[in-house]
Amino acid sequence: MLSLSTPLCVAAAQTPSAPCDLQRNLQTHLACVRAAAHQGVQLLQFPELSLIGYEPSLMADHVLTADHPVLAALRQAAQSHGMALVVGAPAAPVEAGARPAIGAWLLGPDGSVALYRKRHLHDSEEQFASAGADDAQVQLVAGEPTALAVCADITHPEHAQAARGAGAALYAAGVLISEKAYAAESAMLEGYARDHDMAVLAANYSGTSGGYVSAGRSAFWAPGGRCVVAAPDDAPCIVWAARSDSGWAGGVLSVSVPA
């Protein structure tokens, strides 16, 4: 793990998504990128399937490739602001001919594109999606060894354990967590930060998506398990956490998203 004094600023974008409206959701993403840039954010994590909303039954018609115009626009934004973005969208499966994967697209400030496919699916997703093959894909993001997770991944302790075992110092998750599940799942995330001594970032939805009402309260836990910052509710916002010589500090920025 990098030393505590290495400056780092990461954030969760707590956003609403219009069902399968890529252009509208792109504008929401860009608004969040601009807001995060003013805070000096180096990694901005969005919720699960953020570019289409949580719409598993509609994924097959909205599979993105790395050269899709929406991802190209976000790649340009990442480069312009010197910021890595993790956005959610359907992707091609590991095996040709299988159902689409639930993808977390990592867009680097250097123009690079990487893809993590959700490893653990909910039972209700299996008729629409195929699972990824890897528990741990650790990449340097803003100099920090980072592993990505998507929603149900966080309910499988072996996923976070594999990430830490592969050297991750930051575990970044895009999720859709309801009020009913929030207490248990946030406690798991806190536990990963405590037990694996790694930072944990979770970006939850704002409002309703796919028939599920999000609890909001996107959050960041420092290595050791302390919750540095959490959104107070489900309103659109940026939840940021920054590391300096004095440790971790954080805050919440309100964001105006397109109507």
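Everything discussed here concerns the structure shown above.
All of these numbers come straight from a predicted model, not from anything done at the bench.

A. Focus on the overall build of the chain. When helices and strands are tallied, the chain shows four helices and 15 strands. Over its C-alpha atoms the chain spans a radius of gyration of 16 Å, differing by no more than 12% from the 18 Å that the globule rule assigns to 259 residues. In terms of principal-axis extent, the alpha carbons of the chain reach across some 50 × 35 × 35 Å. Out of the 259 residues belonging to the chain, those deemed buried represent 54%. Within the chain, contacts between residues at least 6 apart in sequence are counted, and of these 64% link residues at least 24 apart. Here the chain displays about 9900 Å² of accessible surface, and carbon together with sulfur accounts for 51% of that area. Averaging the positions of the 13 positive and the 23 negative side-chain charges in the chain gives two centres separated by 3 Å.

B. Summary view of the side chain of Asn-204. Here Asn-204 lies in the loop between strand 9 (199–203) and strand 10 (208–209). Polar side-chain contacts of Asn-204 include one of 3.1 Å to the side chain of Ser-214. Within polar-contact distance, the side chain of Asn-204 engages the backbone oxygen of Gly-216 at 3.0 Å. Among residues more than four places away in sequence, those in contact with Asn-204 are Ala-13, Gln-14, Thr-15, Pro-47, Val-175, Leu-176, Ile-177, Ser-214, Ala-215, Gly-216 and Ser-218.

C. A look at the sheet that holds strand 14 (residues 237–244). If you trace the seven strands from one edge of the open sheet to the other, you get 5-4-3-2-1-14-15, paired in mixed fashion. Two strands in the sheet have a free side with no partner beyond their single neighbour: strand 5 (113–117) and strand 15 (247–254). Averaged over all adjacent pairs, the angle separating strand axes in this sheet is 25 degrees, with direction ignored. Bridge count between strand 14 and strand 15: eight bridges; the pairing is antiparallel. When the bridges of strand 15 are listed, Ile-238 appears paired with Leu-253.

D. Structural detail: empty space enclosed by the protein. Tallying each qualifying case throughout the model produces two cavities of 30 Å³ or more. Here the largest cavity is characterised by a volume of approximately 50 Å³. Surrounding the largest cavity, Gln-45, Phe-46, Pro-47, Glu-48, Leu-49, Val-86, Val-87, Gly-88, Gly-103, Ala-104, Val-150 and Gly-174 form its lining. Considering every element that reaches the lining of the largest cavity, the biggest residue donor is strand 3 (residues 84–91), with three residues. Broken down by class, the residue content of the lining of the largest cavity amounts to seven nonpolar, four polar and one charged. Each pocket or cavity is described by its volume, and for the second largest cavity that value is around 40 Å³. Lining the second largest cavity are Val-175, Ile-177, Tyr-182, Ser-186, Leu-189, Ala-202, Asn-204, Gly-216, Arg-217, Ser-218, Ala-219 and Trp-221. The leading source of residues in the lining of the second largest cavity is helix 4 (residues 179–195), at three residues. Of the residues assigned to the lining of the second largest cavity, the class counts are seven nonpolar, four polar and one charged.

E. Molecular detail of the environment of Asp-195. Tracing the backbone through its elements, the reader meets Asp-195 in helix 4. Asp-195 gets classed as exposed once you look at its relative accessible area, which sits at 54%. Considering only alpha carbons, one finds Asp-195 and Arg-164, 31 residues apart in sequence, at a separation of 10.0 Å.

Reading guide: rules and limits
Residues numbered from 1 in each chain as written. Predicted model: local features only at pLDDT ≥ 70, side-chain atom pairs only at ≥ 80, totals over all residues. Heavy atoms only, no water. Helix = DSSP H or I, 4+ residues; strand = E, 2+ residues; numbered from the N terminus. Rg over C-alpha atoms; globule rule 2.2 N^0.38 Å. Buried < 20%, exposed > 50% of the residue type's maximum accessible area, 1.4 Å probe, protein only. Contact = heavy atoms within 4.5 Å. Areas by Shrake-Rupley, 256 points an atom, 1.4 Å probe, with all protein chains shown as cover. Lys, Arg positive; Asp, Glu negative; His and termini not counted. Charge placed at Lys NZ, Arg CZ, Asp CG, Glu CD. Polar contact = N/O pair within 3.5 Å; in protein donor to acceptor, adjacent residues only side chain to side chain. Pairing = 2+ DSSP bridges. Axes fitted to C-alpha atoms, helices over the stretch in contact; angles between N-to-C directions. 1 Å grid on protein atoms, 1.4 Å probe; cavity = no way out; pocket = protein on both sides within 12 Å on 5 of 7 lines; lining within 4 Å. Points joined across faces, edges and corners; volume = space filled by probe spheres on them. Nonpolar A, V, L, I, M, F, W, Y, C, P; charged D, E, K, R; others polar.

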